[in-house]
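# Secondary and tertiary structure notes
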Amino acid sequence: MKLVRKDLEKDNAGQVTLIPEEPEDMWHTYNLLQVGDSLRASTIRKVQTESSTGSVGSNRIRTTLTLCVETIDFDSQACQLRVKGTNIQENEYVKMGAYHTIELEPNRQFTLAKKQWDSVVLERIEQACDPAWSADVAAVVMQEGLAHVCLVTPSMTLTRAKVEVNIPRKRKGNCSQHDRALERFYEQVVQAIQRHINFEVVKCVLVASPGFVREQFCDYMFQQAVKTDNKLLLENRSKFLQVHSSSGHKYALKEALCDPAVTSRLSDTKAAGEVKALDDFYKMLQHEPDRAFYGLKHVEKANEAMAIDTLLISDELFRHQDVATRARYVKLVDSVRENMGTVRIFSSLHVSGEQLGQLTGVAAILRFPVAELSDQEDDSSSEED
C-alpha cells in the first residue's frame, strides 16, 4: 500500500489518500472502511445524453465521486471491493444524494475521510504502508568485519543496517587484538538484528557467510543471549537458518535465497504466530482455566485487574457498524498495550481467526490467575438458573 497523503486534525478527524498495490492491500482497505465514512475515487457512470435533435443516448463516462459509505462488499477470492453509497459532492453527471457503487481495485487511488481515526485503523495503515510488515524474511549477509542486515519483501530487498569494523590480522602468539575486534563486530551485528528485525512478522532469518563466520557468529549470539537472558533472541532461535554465501556483500544474498533448505522453510504461512498464540490459549484453558478468559465482559474485567498478558482479538470485531461497540474494542486494545500486554489481531480469513471467532472473537491469556472473576460468573449463572 502506498500512502500518498495524510491530513489529520488534532481531534483525529481528517482524510488519507492511499493506493493499494497488491491483492492483500484490498483486505487492508476493507478493514479501513466503515459505514458513514466518506470515500472519494474515480469510477465509471452510465450517463444519458440528449442530442440537439432530441434523440436520447447513453454513454459510459469516467468521473470522480465522493460517496457517504452505506454498504461494503468484499470478495475474498477475487480480492475485489464494492462500496455503495450516496453522492455527497456536486458532480455534473451525478445528482446529490444519488446512489452509486464504486469498485476499488489495485493501483487505483482513493481518498478516505473519517470523523474519528482510532488507533487500530491508524496502526493498520502503518502496517500496510511499511514494507517491513510484509517482509517475511530477514537476512544477515556477513564476512569478517562486514555485515549487511536486510529485509526481503515480495518485491524488493531493503538494507536496514551495514556494520563495518576493522579487524586486525592474527599475529603469532598474540590473537587478543583480533579476538577483541571480532567480538566488537559480532556485538554490533546482534544490536542491528534486534533493532531492525521485527520477529512478530519475520518467519525466517538467514545468516549467510563464506567459511565458518556464520557458525562462529551464531554461537557467540546465543551464548550472549543466555548470559543476558535475552528472551527476544532465545524465543526466536528456531527462526535462524545458516546458509553459505560467497561474501558479506548484499549481492551475495541471491545465492542464499536459492538454497533448497531456505525455499522449503519459506513455505510456512505468515499466520504461524497466531496459530501458536491460539494453541497457547487452549493449553492454558485446559491446565489453568483461571488464566484463560474469553468473551468481551470477562476479558474487560481481567483487563481492569491489569492481568492480561496476551490479548487475542479478531479483526472482524473492528468492522462492527455500531460506533460505540467498535470504540469499546479499540479502548480494550489501547488499554492492554498501556498495561504492557501483547495484542494479536487475527485475520478472520485465516483458520486461526475462524477458531477465535467461535470463542466470541476475543480471548486473553492472563499473567496471573483471577479466580474471583470465574466465581462471579458461576454465581451469576446459578442465579439465572
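About the cut-offs
- Sequence order sets the numbering: in each chain, residues are counted from 1 along the sequence as written.
- Confidence filtering applies because this is a predicted model: local features only for residues at pLDDT of at least 70, side-chain atom pairs given and counted only at 80 or more, and all residues used for totals across whole chains, interfaces and linings.
- As a convention, hydrogens and water are excluded, and side-chain values are obtained from all of the structure's heavy atoms.
- UniProt positions are given in the numbering used here, feature names are shortened, and annotations may be inferred rather than shown by experiment.
- Numbering goes from the N terminus for both helices and strands, where a helix is a DSSP run of H or I of at least four residues and a strand is a run of E of at least two.
- We call two residues contacting when some pair of their heavy atoms lies within 4.5 Å.
- A pair of aromatic rings is counted whenever rings of Phe, Tyr or Trp (Trp by its six-membered ring) have centres within 6.5 Å, and the orientation is called stacked for planes under 30 degrees apart, edge-to-face for over 60 and tilted otherwise.
- Burial classes follow relative accessibility: with a 1.4 Å probe on protein chains only, a residue under 20% of its type's maximum area counts as buried, one over 50% as exposed, and anything between as partly exposed.
- A ring is considered to have a charge above it if a Lys NZ or an Arg CZ atom is located within 6 Å of its centre and within 35 degrees of its normal.
- For the domains described, the bounds stem from an automatic or database domain assignment.
- Two strands qualify as a pair provided that DSSP identifies no fewer than 2 bridges between them.
- Only the stretch in contact is used when a helix axis is fitted, and all axes are lines through C-alpha atoms; the angle between N-to-C directions ranges over 0 to 180 degrees.
- Each nonpolar core is a collection of buried residues, namely Ala, Val, Leu, Ile, Met, Phe, Trp, Tyr and Cys, held together in the definition by side-chain atoms within 4.5 Å.
- The scheme is simple: roughly parallel for angles under 35 degrees, roughly antiparallel for over 145, roughly perpendicular for 65 to 115, oblique for anything else.
- Gly is put with the polar residues, along with every residue not named as nonpolar or charged; the nonpolar set is Ala, Val, Leu, Ile, Met, Phe, Trp, Tyr, Cys and Pro, and the charged set is Asp, Glu, Lys and Arg.

In the annotation of an unreviewed UniProt entry, the entry for the chain reads Protein pelota homolog, and the organism field reads Thryothorus ludovicianus. UniProt annotates the chain under Cofactor (unreviewed entry) with the comment "a divalent metal cation". As recorded by UniProt, the Sequence similarities (unreviewed entry) comment attached to the chain reads in full: "Belongs to the eukaryotic release factor 1 family. Pelota subfamily."

With that out of the way, let us pick up the side chain of Ser347. Structurally, Ser347 is set in the loop between β15 (342-346) and α11 (351-358). Those residues in contact with Ser347 that sit more than four places away from it in its chain are Trp27, Asp315 and Gly353.

Under the defined criterion, the tally for this structure stands at ten aromatic pairs. Both rings, one in Trp27 and one in Tyr30, keep their centres 5.6 Å apart while their planes meet at 45 degrees; by these two values the pair is tilted. Taken together, the residues Trp27 and Tyr30, both in helix α1 (residues 23-32) and three residues apart, mark about one turn of the helix. Under the relative-accessibility criterion, Trp27 is labelled buried at 9%. Through a chain of ring-to-ring contacts, the aromatic side chains of Phe185, Tyr186, Phe217 and Tyr220 assemble into a single cluster. One cation-aromatic arrangement involves Lys114 over Trp117; the distance from NZ or CZ to the ring centre is 5.5 Å.

With that settled, the discussion passes to unusual backbone geometry. The phi torsion at Met340 lies on the positive side, around 65 degrees, for a residue other than glycine. Inspection of the secondary structure assignment puts Met340 in the loop between α10 (323-338) and β15. Relative accessible area serves as the criterion here: at 68%, Met340 is assigned to the exposed category. Phi at Thr360 is positive, roughly 75 degrees, even though this residue is not glycine. In this structure, Thr360 sits in the loop between α11 and β16 (362-366).

Bringing the domain arrangement of the chain into the picture now. The domains assigned to the chain are domain 1 (1-127), domain 2 (135-267) and domain 3 (269-375). Computed from C-alpha atoms alone, the centre-to-centre distance between domain 1 and domain 2 is 44 Å.

Taken in spatial order, the seven strands make up an open sheet running β1-β2-β7-β3-β4-β5-β6, and their pairing is antiparallel. One side of each edge strand has no neighbouring strand; the edge strands of this open sheet are β1 (2-8) and β6 (99-104). Across the sheet, the mean angle from the axis of one strand to that of its neighbour is 35 degrees, orientation sign disregarded. Examined bridge by bridge, strand β5 (residues 80-87) and β6 share six bridges and lie antiparallel to one another. Following the sheet pairing, Thr86 is matched in β6 by Tyr99. Its contacts with the sheet put α1 on β2 (14-19), β4 (56-75), β5, β6 and β7 (110-114), and the angle it makes with β4 is roughly 75 degrees. Each of β1, β2 and β7 touches helix α2 (residues 119-129); the most contacted strand, β1, lies at about 150 degrees to it.

What follows deals with the nonpolar core. Met142, Phe185, Val189, Ile193, Phe217, Leu233 and Phe240 are the most contacted members of the largest nonpolar core, which totals 32 residues. Those elements giving two or more residues to this core turn out to be β8 (137-143), β9 (146-152), β10 (157-164), α3 (176-196), β11 (204-209) and α4 (213-228). Apart from residues lying up to four places away in sequence, Met142 is in contact with Ala147, Phe185, Tyr186, Val189, Val207, Ala208, Ser209, Pro210, Val213, Phe217, Ser247 and Gly248. Among the nonpolar cores identified, the runner-up in size contains 27 residues, and Met26, Val69, Val83 and Leu112 belong to it.

Angle between the axes and distance between the axes are the two parameters that describe a pair of packed helices. At a minimum axis separation of 10 Å, α3 and α4 run at an interaxial angle of 75 degrees. One element, α3, and the other, α4, form an angle in the roughly perpendicular class. Seen from α3, the contacting residues are Glu183, Tyr186, Glu187, Val189, Val190 and Ile193; seen from α4, they are Val213, Gln216, Phe217, Tyr220 and Met221. Looking at side-chain class alone, the contact of α3 with α4 contains eight nonpolar, one polar and two charged residues.

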